[in-house]
Amino acid sequence: MKPILLAAVLMVAIASWLLAGCAGARPKADFDPEAIDPQMSPAAETSPSQPPAKPSTEDSSALSDEEASLLEDDSGLPEDRSEEIYTVADPLEPFNRAIYVFNDKLYFWVMKPVAVGYRAVVPSPARGGVKNFFYNLTAPVRIVNNILQGKGQAAEAEWARFLYNSTVGVLGFGNPARNNPKLNPKEEDLGLTLADYGIGDGFYLMLPFLGPSTLRDSAGLVGDAFLNPVAYINPWEASLGVGAYNQLNNLSFRIGDYESLKKAAMDPYVSFRNAYIQLRQSKIRQ
Amino acid sequence: MTDNRWLFILTMMCLLIGHSAAGAEAKPVAAVSTQDMTPMQTVQTRIDQIVAALTDPELSKPANKVAQRDRIWEIAIPMFDFTEISRRTVGAKWTTFSEAEQKRFTDLFTRFLGNTYLDKIQGEYHNEKVTYLKELIKEPQAVVRTKLVRDNAELPIDYRMKKEDGQWKIYDILVEDGVSLVQNYRVQFQTILQKETPAQLIERLEVKIKEQQAQPAPQTK
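The sections below set out a description of the structure shown in this document. (Residues numbered from 1 in each chain as written. Chains lettered and ligands numbered in written order. Predicted model: local features only at pLDDT ≥ 70, side-chain atom pairs only at ≥ 80, totals over all residues.)

1. Notes on the environment of Leu155 of chain B
All names here are of chain B. Spelled out, the test is: Secondary structure elements are taken from DSSP: a helix is a run of H or I of four residues or more, a strand is a run of E of two residues or more, and numbering for both begins at the N terminus. Put plainly, a residue is buried at 20 or more neighbouring C-beta atoms within 10 Å of its own, exposed at 12 or fewer, and partly exposed in between, counting only other residues' C-beta atoms, which are placed from the backbone.
Within the secondary structure, Leu155 sits in strand β3 (residues 153–164). In this structure Leu155 comes out as exposed when scored by C-beta crowding, with 12 C-beta atoms within 10 Å. In the structure, Leu155 is positioned 21 residues away from Glu176 in sequence and 6.3 Å away in space, judged by C-alpha atoms.

2. Quick notes on helix α6 (residues 99–124) of chain B
Residue and element names in this part refer to chain B. How we decide: Expected helix span is taken as 1.5 Å per residue step, with the number of steps being one fewer than the number of residues. Contact between two residues is assigned when their C-beta atoms, built from the backbone, lie within 7 Å.
Over its 26 residues, α6 runs 37 Å from end to end, which matches the ideal 38 Å to within 8%, given 1.5 Å per residue. Within α6, the full set of buried residues consists of Phe105, Phe109 and Gln122. Where α6 is buried, its residues contact α3 (39–55), α4 (65–76), α5 (82–90) and α8 (198–214).

3. Considering the pairing of strand β2 (residues 141–150) of chain B
All names here are of chain B. Our working rule: Two strands are said to pair when DSSP picks up at least two bridges between them.
Where strand β1 (residues 129–138) and β2 come together, nine bridges link them in antiparallel fashion. From the neighbouring strand, Ile137 faces β2, where its bridge partner is Ala142. Taking the residues that link successive antiparallel strands as the turn, the β1-β2 hairpin has two residues. Looking at chain direction, β2 and β3 are connected through ten bridges and run antiparallel. What sits directly across from Arg145, in β3, is Asp158.

4. Focus on the packing of helix α5 (residues 139–148) of chain A against helix α6 (residues 152–167) of chain A
Residue and element names in this part refer to chain A. The following threshold applies: To define axes, lines are fitted to C-alpha atoms, for helices over the stretch in contact only, and angles between the resulting N-to-C directions are given on a 0 to 180 degree scale. Angles are sorted into four bins: roughly parallel if under 35 degrees, roughly antiparallel if over 145, roughly perpendicular if 65 to 115, and oblique for all others. Crossings are classed by handedness, with left-handed meaning an anticlockwise turn of the near helix from the far one by less than a right angle and right-handed meaning a clockwise turn.
Their axes nearest at 8 Å, the elements α5 and α6 cross at an angle of 160 degrees. If you check the angle between α5 and α6, you find them roughly antiparallel. As α5 runs across α6, the sense of the crossing is left-handed. Of the residues in α6, those touching α5 at Ala139, Arg142, Ile143, Asn146 and Ile147 are Ala154, Ala155, Glu158, Trp159 and Phe162.

5. Some words on the pairing of strand β2 (residues 211–214) of chain A
Residues and elements named next belong to chain A. Looking at chain direction, strand β1 (residues 204–207) and β2 are connected through four bridges and run antiparallel. Residue pairing for β2: Met206 is matched across the bridge by Pro212. Adjacent in sequence and paired antiparallel, β1 and β2 are bridged by three residues, among which Phe209 carries a positive phi angle near 70 degrees.

6. Regarding the interface of chain B and chain A
Under the convention used in this document: Basically, the charged four are Asp, Glu, Lys and Arg, the nonpolar ten are Ala, Val, Leu, Ile, Met, Phe, Trp, Tyr, Cys and Pro, and anything else, Gly included, counts as polar.
Chain B puts 37 residues into the contact, and the matching count from chain A is 33 residues. If you list the elements that add at least two residues to the side of chain B that touches chain A, you get α5, α6, β1, β2, β3, β5 (179–180), α7 (181–195) and α8 of chain B. Looking at the side of chain B that touches chain A, the element that brings in the most residues is α7 of chain B, giving eight residues. Residues of the side of chain B that touches chain A, tallied by class, amount to ten nonpolar, 13 polar and 14 charged.

7. Some thoughts on the sheet that holds β2 of chain B
All names here are of chain B. Pairing within the open sheet is antiparallel, and its five strands lie in the order β1-β2-β3-β4-β5. The open sheet is flanked by β1 and β5, the only strands paired with a single partner. Pairing between strand β4 (residues 167–175) and β5: two bridges, direction antiparallel. Bridge pairing links Val175 to Val179 in β5. Each of β1, β2, β3 and β4 is contacted by α3, which is oriented at about 150 degrees to β1, the strand it contacts most.

8. Brief notes about α3 of chain B
Across its 17 residues, α3 of chain B extends 24 Å between first and last C-alpha, which sits within 8% of the 24 Å expected from 1.5 Å per residue. Those residues of α3 of chain B not exposed but buried are Pro39, Met40, Thr42, Val43, Gln44, Thr45, Arg46, Gln49, Ile50 and Ala53 of chain B.

9. As for the environment of Gln68 of chain B
By secondary structure assignment, the location of Gln68 of chain B is in helix α4. Look at Gln68 of chain B and you get partly exposed, because 18 C-beta atoms sit within 10 Å.

Structure representation (structure tokens):
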């Protein structure tokens, strides 16, 4: 079953790529009816009804909402009694803290030594290729979530990126789309889609192995797994193994980051919780 | 690189003032160089100076580690408004601190941040480049938007600044389009201050700084 799926994906990819000429150019309207929002055509790009796609470098006069919110900052002033910090309830804190300790030990005792050894043995270009491959493989997650959020242009860009990297980039091991800013939209997932639909975080959850999350984002993770080809590998042990390998490979690029963040904190658990919530809020705003 | 001439002059000044300038005497450098500059110019001037110190072949010698560290601190400290940073990280509870506690806290937190972030920069600088995107100004506040480029990865960093006596000073740093460092510390301090007194928080900071000094600068990469 797996080879057939792969072959099908490949054939569609190559066919579409041929149709589109080069994916580096603007995707054509006959690209893929599913991946393209009907209102999105290159001509519609500047219409005012367009949802804000706002690279801040382009026009310097008008402030985007995001920039305005960056400037409006009264938070934390002792005079200001209204606490503006967005927080998520943490009713399971004792449990979450226990999981945090588990993840912390897992990192220092298992993940880090393995990742350090792996990094020493496998050269950086190979690890980069693996990273690109897995990222490319999860393109369906990002395409579908962009569509679900009505972000047609970004869905189109993800689709074009997928085709481009799957072909020119040789099954996604290369990342020739890297140098084209138009082919690198913001990463979307189901947690962000649910947030877009008005669903709140629920409460904070520290997941074993996976780290900080919330009720909503955990549900998103489960949903996204259905769109992740790795989840369909048989048997499930192999699927988990491949997933773990992907995590390990990613970790090999950022050994030391966790230590630095932890060292910079007075209460690491609270620091990571807040960093996660802030990061998700920032992604939801975009 | 239109600032090359400036950089040269500033570097020369740094060299002239040199190591003899301890903490307090470093101020003239700051006053001369960033007075009346725009927020972006201020940040850029300082970061260029820090990069110059990091890449200086003489200062990069292992034997000159301490001198390089002092140089970086000398440049970086006037970039920030540590009183504002401390006020905002403590938040509403700031008024429950006595004046002496406020001062003590500010001093300690300054050292803590310096130990944490400046030493990390010194230990891990790998020719990262900074791209200055734009500055948003609404006096007396401003935001300077930048990108840190390392190999293939980009990290958006925004500096929140406040004007004081004609000089723009940083009071918060936002990474990844809006993750505020001040907010991150505020939440941590609030958790501590719910159960403990300001004096106990200050004590915790002292312990943390002792820990930092006990171990050498991080060399993880």
